[in-house]
Amino acid sequence: MSALAQPTGSPAAWPDTYGDEAKPRMGFFTDTSVCIGCKACEVACKEWNLIPEDGRLWTGESYDNTSELGANTWRHVAFVEQRKPLKLDGGGETAELDAEPLRWLMESDVCKHCTHAGCLDVCPTGSLFRTEYGTVVVQEDICNGCGYCVPACPFGVLDKRHLPRKADDAPLSLPLLGKKEDGRVWKCTLCYDRLKGGHEPACAKACPTDSIQFGPLDELRERADQRLEKLRAERWNGAQLYGRDPDDGVGGFGAFFLLLDEPEVYGLPPDPVVPTAHVAEMWRNTAIAAAAMLVGVAAAFVGGRS
Amino acid sequence: MSHHHDGSITAVGTQMDSYYGRPIVKEPVWQPEIPFYFFFGGLAGASGVLHAFAGLVGNKTLARRTLLIGAAADIVGPILLVSDLGRPERALNMFRVFKVTSPMSVGSWVLLVSGSASNTAAALELMGKLKPVKVAAEFVSALAGPPLATYTGTLIADTSIPVWHEARHELPWLFGASAASSAGAAAAIAVPVDEAGPARRLAIGASVVTLGLKEVMQRRLGFVGEVYEKEEAGSYGRISKLCTGAGAALLALAGKRSRAAAVAGGSLVLAGEVALRWSVFRAGFQSARDPRYVVVPQRERKAARG
Amino acid sequence: MNSDCIVIMGSNMAENHPVGFQWVMEARERGAEVIHVDPRFTRTSAMATKFAGIRAGTDIAFLGGIVNYILEHGRWFDEYVKSYTNAPVIIDDKYVDAEDADGLFSGWDPEKKKYSNETWQYMGMEAKASAGQPPKGEQSGHGGHGGGLSHGEPPEEDETLQHPNCVFQILKRHYKRYTPEFVSETCGCSVEDFLYVAEKLCENSGRERTSAFAYAVGWTQHTFGVQMIRAACVIQLLLGNIGRPGGGIMALRGHASIQGSTDIPTLYNILPGYLQMKHTDDAKNLKEYIEENTAPGGWWAKLDTYIVSLLKAWWGPFATEANDYCFDYLPRIDDDNSNYWTVQQMLQGRVKGYIVAGENPAVGSSNGRVNRLALSKLDWLVVRDLVEIETAAFWYDSPEVETGELSPEQIGTEVFFMPASTHVEKDGSFTNTQRLLQWHFKAVEPKEDCRSELWFYYHLGKKIREKLKESQEDRDKPILELQWHYPTSGQIEEPSAEAVIAEISGRDATGQALAAYKLLRADGTTSCGCWIYCGVYAEDENKAARKKPHWEQNYTALEWAWAWPANRRLLYNRASADPDGKPWSERKKLVWWDDEQKKWTGTDTPDFEEEKPPDYVPDDDAEGPDAIRGDHPFIMQADGRGWLFVPQGLQDGPMPTYYEPHESPFDNPLYAQRANPARQVSTVDEDPYNPVANEPGADEYPFVMTTYRLTEHHTAGGMTRFTPYLSELQPAMFVEVHPELARERGLTHGEWATIVTARSAIEARVLVTDRMRPVKVDGRVTHQVGLPYHWGSRGLTTGGSANDLLHLALDPNVHIMETKGLTCDIQPGRRPKGAALAEFVTSKRDRALRARETAPRVEPGSERST
Ligand SMILES: Nc1nc2c(c(=O)[nH]1)N[C@H]1C(S)=C(S)[C@@H](COP(=O)(O)OP(=O)(O)OC[C@H]3O[C@@H](n4cnc5c(=O)[nH]c(N)nc54)[C@H](O)[C@@H]3O)O[C@H]1N2
Ligand SMILES: Nc1nc2c(c(=O)[nH]1)N[C@H]1C(S)=C(S)[C@@H](COP(=O)(O)OP(=O)(O)OC[C@H]3O[C@@H](n4cnc5c(=O)[nH]c(N)nc54)[C@H](O)[C@@H]3O)O[C@H]1N2
Ligand code: SF4
Ligand code: SF4
Ligand code: SF4
Ligand code: SF4
Ligand code: SF4
Ligand SMILES: [Mo]
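Residues numbered from 1 in each chain as written. Chains lettered and ligands numbered in written order. Predicted model: local features only at pLDDT ≥ 70, side-chain atom pairs only at ≥ 80, totals over all residues. Heavy atoms only, no water.

## Looking at the nonpolar core
What tends to happen in soluble globular proteins is that the nonpolar side chains get buried as a cluster. Which entries qualify depends on this criterion: Nonpolar cores are built from buried Ala, Val, Leu, Ile, Met, Phe, Trp, Tyr and Cys residues. Side-chain atoms within 4.5 Å join them into one set. Using a 1.4 Å probe on the protein chains alone, a residue whose accessible area is under 20% of its type maximum counts as buried, one over 50% counts as exposed, and one in between counts as partly exposed. Contact between two residues is taken to exist if any of their heavy atoms lie within 4.5 Å; hydrogens are not considered.
If you look at the biggest cluster of nonpolar residues, it comprises 137 residues, and the most contacted ones within it are F62(C), I66(C), L238(C), L275(C) and I307(C). Not counting the four nearest positions on each side in its chain, F62(C) is found in contact with M9(C), V37(C), I54(C), V183(C), C187(C), C189(C), F194(C) and V197(C).

This is the structure:
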């Protein structure tokens, strides 16, 4: 019963609640300037985590047929074709037929393991929790598929796993009775199981160019700063860090990025804020509304019985 | 700008880039059960309050029938909720923790309290036994009612869905008012006209407030609020306005005299309130689906910060 | 990784060699220039510091332009060129350059449509009867046999490079017309892009800096593929980039052990270690064989030790001096037995049975229809594969069954499908691009009936021997006396792969594992299954299985696996030092002469005789390695030099010269001779060709087409289209076109298009993208159509096979098909189905061919054979 009042949603759960067992906060620095779009990370993640196949839909969206993160895609490589120079002073091609040189941006997206994680904050069952590594993980044996975390994530990372009905599902199966094969939500665990075994996450391991760098967050931030400096010096067009700043709307990402254009170009929100940032204000407001309701109902009694 | 050449899959709007027009935040995974739950939860909560005041002023018929309405709604509500879960068998996991950052967690406890209280009271009322316990239960139900009626507004506001989160000031009020109006309308149907005065007045008054609040909310939402003019949110919004307006008018003009008019007017108001929940519900989906609603306000926010 | 400039051309390295590409990325991070030259903007282009787009098939113009740039601007590495290449060598004065004969080198026989290379020889050196002029059966030479060089030195040289007939001057004249403007007009790239690449290469070469080329099948798969690579050789030799760290020309090979499958060949015309396969017409006995194939200088002079050791490995005690070490047991070839030739024979009903193991010709080979029709003419077909691929299912699931040309009831071929185990289900080695043998261990047992290759052939051999046990026939002796005993283990009696590699590595008479190929003897006291692999099992240690991480050793990582020959990581690395044996520069030092110790030393194993001093000059009667001077690093060549000009070993000229692909919309801007005169064309009616250039009818197929790979799939798809995680990443066959072409042809992004050639038509989803560039050639804008070739009718994702569109014109040296440059038409909508498909293809073709027939156009040397 002590669990009843435990505020597992509070960002402070790590490292405080772990005491001595807390580990340095681990995360990813995904450097898109060296991503070759090989999708090895996507496949390695699926292999390691035994994620089901996700349908074979050809999108025509460059070489991206995965489209987005979701229950069955915990790493997603985005492809953006642009008529923009890669570097501010030329580069690319200067054929007369082409007005502007081409560039092809690739970015491997993943759960951000936010410092203030909307998903975790709103989870009513405590299924989502913060690990000793400071990462955010869904416990698949606890999640009851309430779906609250799905719209709570500012990045659209989580989703409920809807698998096609099995052939032997009763045709008239009532809503209450097993209408879905899974019904829980899934997302990147930052390979919690591998971390526990002292291994690096499968996606980082598979990445041939070290676009995905795994390590203690402090170190990664330092490395990222140096990297940004180098790219700026080399006049890369649009180089910027995304989610590195601990003062941003989600308190900084545990898995942050170096991008070569604005976040929205890659399908990322430009200024994400954890929804629970406003939770106190919302409760205050709710309390007043509730009180107002009492008053309103009482007022209806003014004027008698008929 | 997006690079597709046929214009079919391309950036939406002119002030932003997007990733093939794909959503940034995930659409909620909630099913039709949820807007109905919002309605029944509201009905239950507000009925509890109505019941308490009716009891206080000695309007027996009103008190008894609102108690039964509330108790019934308090049974339907959880059934809907459980039905929506991906893993209904794990419904009780809702009570593993209590988290203030999770309105769903808070709401689950409130619902538990409210449901037990109203049903205990209703059962004792029907059996005519244990009066003191019944009174206590009624009191608890009345106290849990306003939170039960309003928390759902906060529940959806505490997400990253633009049209919900940005409406966090109005939503608990709107849902509270809608709940009150539903409870009033239901009671106005169930109770003979000469004892239904408070119910009728509540229905009329709350309907007016509801309609006004929705207008205010839409206006204040500005750019994002435009989803309420479109697609399903727009249709349900118009149905809601029409039904609630007509119902309230009918109740006001003829509800006092004719039971038939009261039943018709009350039903219209109820339909209007169901439609209102649907309008709000679908608006959330619509605003999630179109990345502009995420990107444009965030860009503005970012720009304003400099 | 040590390069200052990497030119990736003819390869999409990032997509097809992503793991190797990490080193390119690392070099880029350290400031190296990374240039990608390709018809398409690919994931490699995206990572490059410079992309230059060209028309498919025009690389020789581009590379020739660079040669010209180097020579015109005096940018060659003078000392290197003079000492290490054959630039000073004077060529026979009967030699006539293609520039002076409108596209034909001297020695062209218009009857046979072949070259004789007599006039390409070094002055004063007589060409050996067979050398360079391969016997019947299209054997290709392994270079460097060096005909009549008496002591490894060419008879006449001009150290000043001024003699009009020295290689250097010939080169200069030959490439004179390859100006930047010519390059731009032929390749369709801008003059600036070309100059940028040429200049970067020159800037990044010399003593202090090195540049590398990386290529793969974007170069090889042309009717002049070998010459494309040769063109890069010329550049790299002129710039002094061979045998030096960060230099070289990297062939990015394909399948995990495709290198291994040429070393220990699956090719019909060589024996393990690149020893010539015997032909019925030559080498009556071992002595003759050795005489015919031994070079006077260099390591090929020891051929006798290699062949005898090989025979000892195969026939053990049965191989004695008295019986010529069972030399007669070796099979002989009597004809061209190359893949496409065999398929054409098959089509004509001349092949009875066929074993297809680890290949999917119904999808992966050019002209799919010819391949599938050929299979239907067999008596029996065995397919060993992981899954039931198109080749195994052709008889009931193929476009020909759809069109009604074939029906299961009428096909007489008996098809056996034998499930194969995958690489994780067996031990073995892979030999990669860098000649590195890397061992892999079995991780899981094969499932059900799946068996390894080793199991299959070992037990098949045992069964055959069992059947022949009683035979007294001479013809069965080679099989019965074969050394065919390998320890087996487990329930399925899996033969030991380690025993096999030990046998390949070789042993001496006492059974001691051999340390190096230098120890091989021609007297029957050593046995070795492949001389270049000798030593991989030295000290009875499987050196291929060494896995010492790179952070525990220097960057050459000599203790990671094992490289042939002799664990050398960089071939010809003697060239990393100057003629005196000193490193060219501190920055680029690798191997050098240590005056104190009197031997070669450095970070890599020296690819040179360890104790041969830089100033060594051979005696006139020196032979073999002894005939190579101390300052000649190219020890596999008879003269120890890098060949700018190739006197022997090539079928289509001693120097690369520009030809158009077999099918292209253009005439040759240089010569009346449009395409490679020596290219092989097919002999079957089922392989018709599109009219080309200005021929009437060519406008039926107006676009340049090329085919390629995607990271997400592997070749003919047997390993990826059946795998859910990969199929979902590229779930449909598509065609890449530029927005302009889409407009011109009414193609809609995301909808269907039909691509058609004289051979067939396929359908694909339309991917409109700027990455597929049009080119301006000869003043007119020409579009290129890009097709991945992974799809077929089976698996989780199915789609049209690009290879159904391709023809069977081949490179004359290696018989490879031209997948990278041809012509096609593209139209909106799905292709006709069933019999209407054949009708659609034929009527378009007839229209085109009729147009051509009414106005025939003769091209020297290469009329169609059908
Ligand atoms: N993921 C993946 N990796 C693979 C394979 C695979 O199927 N999938 N296959 C393996 C095998 S077997 C091989 S052989 C290698 C092949 O590796 P690559 O040679 O890299 O393979 P391709 O994609 O066929 O062709 C490379 C590039 O050549 C370009 N090209 C076409 N025509 C020309 C031309 O005329 N000139 C120039 N300069 N470029 C041209 C194409 O646009 C393409 O980008 O890859 C190996 N690696
Ligand atoms: N148009 C066009 N055509 C091309 C090319 C091109 O660039 N364009 N490239 C060409 C090149 S470079 C190549 S290499 C070919 C490749 O063409 P293929 O060799 O015909 O095609 P793969 O799909 O590689 O066939 C290999 C098969 O081996 C099976 N396999 C895998 N492991 C094992 C094993 O251990 N044992 C056995 N028995 N089978 C196994 C796989 O399932 C697969 O079906 O395609 C060529 N064709
Ligand atoms: S990115 Fe979304 S799913 Fe991941 S931790 Fe943050 S809020 Fe949760
Ligand atoms: S769906 Fe599962 S993880 Fe998400 S909030 Fe509900 S219980 Fe928590
Ligand atoms: S950390 Fe693990 S779970 Fe997360 S994306 Fe990488 S491989 Fe997948
Ligand atoms: S594995 Fe690395 S390089 Fe490949 S797509 Fe993923 S992040 Fe990019
Ligand atoms: S598939 Fe194998 S050989 Fe090819 S890049 Fe990946 S690791 Fe290397
Ligand atoms: Mo290949």
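## What about a negative patch on the surface?
We count it as follows: Residues forming no salt bridge and having over 30% relative accessible area are the ones grouped into patches, like charges within 9 Å of each other and nonpolar side chains (Val, Leu, Ile, Met, Phe, Trp, Tyr) within 5 Å. Residue exposure ignores everything except the shown protein chains as possible cover, and the areas themselves are Shrake-Rupley values with a 1.4 Å probe. Here, a salt bridge means any Lys or Arg side-chain nitrogen found within 4 Å of an Asp or Glu carboxyl oxygen. Charge convention: Lys and Arg are scored as positive, Asp and Glu as negative, and His as well as the terminal groups of each chain are ignored. A single reference atom marks each charge: NZ on Lys, CZ on Arg, CG on Asp, CD on Glu. Strands here mean DSSP runs of E at least two residues long; helices mean DSSP runs of H or I at least four residues long; both are numbered from the N terminus.
On the surface, D619(C), D620(C), D621(C), E623(C) and D626(C) cluster together to form a negatively charged patch. Within the secondary structure layout, E623(C) lies in the loop between β21 (599–602) and β22 (703–708).

## Re the interface of chain A and chain B
The condition is simple: The buried area of a pairing is the accessible area, by a 1.4 Å probe, that goes missing from both parts when the two are put together, added over both.
At the interface, 94 residues of chain A touch 89 residues of chain B. Here chain A and chain B share an interface that buries about 7300 Å² over both sides, 57% of which is from carbon and sulfur atoms. Looking at the side of chain A facing chain B, the largest losses of area belong to Y148(A), F301(A) and R305(A), adding up to 10% of the total buried there. At the surface where chain A touches chain B, the tally comes to nine salt bridges. Between R305(B) and D271(A) there is a salt bridge, with the nearest N and O atoms lying 3.0 Å from each other.

## Quick notes on the site of ligand 3
Inclusion rule: Near, as used in this document, describes a residue that has one of its heavy atoms within 4 Å of the molecule or strand being considered. All residues other than Ala, Val, Leu, Ile, Met, Phe, Trp, Tyr, Cys, Pro, Asp, Glu, Lys and Arg, Gly among them, are scored as polar; the first ten of these are nonpolar and the last four charged.
Taken together, 13 residues lie near ligand 3, and C111(A), K112(A), C114(A), C119(A) and C153(A) sit nearest. Residues of the shell around ligand 3, tallied by class, amount to nine nonpolar, two polar and two charged.

## Regarding the sheet that holds strand β15 (residues 428–431) of chain C
Residues and elements named next belong to chain C. The line we're drawing: Following DSSP output, two strands are said to pair if at least two bridges run between them. Every axis in this analysis is a line fitted to C-alpha atoms, fitted for helices over the stretch in contact. Angles between the N-to-C directions lie between 0 and 180 degrees.
Reading across the sheet, the three strands line up as β15-β16-β19 and stay open at both edges, with antiparallel pairing between neighbours. This sheet does not close on itself; its edge strands, each paired only once, are β15 and β19 (562–563). Across the sheet, helix α21 (residues 497–505) is in contact with β15 and β16 (436–440); its angle to β16 comes to roughly 160°.

## As for the sheet that holds strand β3 (residues 50–53) of chain C
Residues and elements named next belong to chain C. On the basis of which strands lie adjacent, the open sheet formed by five strands has the order β3-β2-β1-β6-β7 and parallel pairing. Edge strands, defined here as strands with exactly one partner in the open sheet, are β3 and β7 (249–251). Across the sheet, the axes of successive neighbouring strands diverge by a mean angle of 20°, strand direction being ignored. Here strand β1 (residues 5–9) runs beside strand β2 (residues 33–38); their pairing, made up of five bridges, is parallel. Counterpart to I6 in the pairing with β2 is V34.

## Digging into the site of ligand 4
Inspection of the region around ligand 4 gives 13 residues, with C123(A), T125(A), C143(A), C146(A) and C149(A) positioned closest. Class assignment of the residues belonging to the shell around ligand 4 gives a composition of eight nonpolar, five polar and no charged.

## Details of the packing of aromatic side chains
Definition in use: Only centres within 6.5 Å qualify two rings of Phe, Tyr or Trp (six-membered ring in Trp) as a pair; their planes then separate them into stacked at under 30 degrees, edge-to-face at over 60, and tilted for everything else. Put simply, a charge is over a ring when the Lys NZ or the Arg CZ is close to the ring centre, within 6 Å, and near the line of the ring normal, within 35 degrees.
A complete count under the given rule lists 64 aromatic pairs over all chains for this structure. Through successive ring pairs, a cluster of aromatic residues spans W58(A), Y63(A), F79(A), W104(A), F734(C) and W791(C). Sitting above the plane of the W592(C) ring, K589(C) keeps its charged end 5.0 Å from the centroid.

## As for the confidence of the model for chain B
Residue and element names in this part refer to chain B. Stated precisely, the cut-off is as follows: For every residue, the predictor assigns a confidence score, pLDDT, that lies between 0 and 100.
Summarising the model, chain B shows a mean pLDDT of 91, and 95% of its residues fall at 70 or more. Least confident of the elements in chain B is helix α3 (residues 103–127), whose mean pLDDT is 92; most confident is helix α5 (residues 162–165), at 97. Predicted confidence is poor over residues 1–15, with pLDDT under 50, and the contacts of this stretch with residues over four places away or in other chains come to 36 contacts.

## Some remarks on the packing of helix α1 (residues 33–57) of chain B against helix α9 (residues 259–289) of chain B
Residues and elements named next belong to chain B. What counts is decided by this rule: Here is the rule for angles: anything less than 35 degrees is roughly parallel, anything more than 145 is roughly antiparallel, 65 through 115 is roughly perpendicular, and the remaining ranges are oblique. Each crossing gets its hand from how the near helix is turned against the far one by less than a right angle, where anticlockwise is left-handed and clockwise is right-handed.
One can describe the packing of α1 onto α9 by two numbers: an axis separation of 9 Å at closest approach and a directional angle of 135°. If you check the angle between α1 and α9, you find them oblique. Crossing geometry of α1 relative to α9 is assigned as right-handed. In this structure, α1 contributes I34, P35, F36, F38, F39 and G42 to the contact, and α9 contributes L270, E273, V274, R277, W278 and F281. Along the lines of polarity and charge, the residues of the contact of α1 with α9 split into nine nonpolar, one polar and two charged.

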